[in-house]
Amino acid sequence: MTNPEKLKDGDQCKVTGGTHAGKSGTVRDINRSKTGHITITVEQKNGVRFKTLGKNVEVQK
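Presented here is an overview of the structure given in this document. Quantities reported herein were computed from a predicted structural model and do not represent experimental measurements.

### Examining the overall build of the protein
1) Next: Within the protein one finds zero helices and five strands.
2) Next: For the protein, the succession of helices and strands along the chain, N to C, is β-β-β-β-β.
3) Next: A globule of 61 residues ought to have a C-alpha radius of gyration of about 10 Å, and the protein, at 10 Å, matches this closely.
4) Next: Out of the 61 residues in the protein, the part that is buried amounts to 33%.
5) Next: Partitioning the contacts of the protein with sequence separation of at least 6, the portion at a separation of at least 24 is 36%.
6) Next: Accessible area for the protein stands at about 4100 Å²; split by element, carbon and sulfur atoms hold 48% of it.

### Re the nonpolar core
1) Next: Counting residues in each nonpolar core, the largest one holds nine residues, listed as Leu7, Cys13, Val15, Val27, Ile38, Ile40, Val42, Phe50 and Val57.
2) Next: Of all the secondary structure elements, the ones that give two or more residues to this core are strand 1 (12-15) and strand 3 (38-43).
3) Next: For this core, the leading source of residues is strand 3, giving three residues.
4) Next: With sequence-adjacent residues up to four places away left out, Val42 is seen in contact with Cys13, Ser24, Gly25, Thr26, Val48, Arg49, Phe50 and Thr52.

### Quick look at the pairing of strand 1
1) Next: Only one face of strand 1 is buried, namely the one carrying Cys13 and Val15, since none of Gln12 and Lys14 on the opposite face is buried.
2) Next: Note that strand 1 and strand 2 (residues 24-32) share three bridges and pair antiparallel. The residue bridging Gln12 from the neighbouring strand is Thr26, located in strand 2.
3) Next: Across three bridges, strand 1 lies against strand 5 (residues 57-59) in antiparallel orientation. For Lys14, the partnering residue across the bridge sits in strand 5 and is Glu58.

### Considering the pairing of strand 2
1) Next: Pairing of strand 2 with strand 3, which is carried by five bridges, proceeds in the antiparallel orientation. Residue pairing in the sheet places Asn31 in a bridge with Thr39 of strand 3.
2) Next: Hairpin connection of strand 2 to strand 3: five residues between the antiparallel strands, including Gly36 at a positive phi of 95 degrees.

Cut-offs applied
- Residues numbered from 1 in each chain as written.
- Predicted model: local features only at pLDDT ≥ 70, side-chain atom pairs only at ≥ 80, totals over all residues.
- Heavy atoms only, no water.
- Helix = DSSP H or I, 4+ residues; strand = E, 2+ residues; numbered from the N terminus.
- Rg over C-alpha atoms; globule rule 2.2 N^0.38 Å.
- Buried < 20%, exposed > 50% of the residue type's maximum accessible area, 1.4 Å probe, protein only.
- Contact = heavy atoms within 4.5 Å.
- Areas by Shrake-Rupley, 256 points an atom, 1.4 Å probe, with all protein chains shown as cover.
- Core = buried A, V, L, I, M, F, W, Y, C linked by side-chain atoms within 4.5 Å.
- Pairing = 2+ DSSP bridges.

Right, here's the structure in full:
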């Protein structure tokens, strides 16, 4: 897993955990929740967007 602190808008990523495991796309809209967790929006190639926790994604090279 990637350190959520190092995620950048526009990174290509693959979701490795949680509800959306196995999906991939581009990182968009990085936020820190009130509880301190990093949340991101992932935009897939087909335009579908979903939110997930930063700890559940792995940056693709």
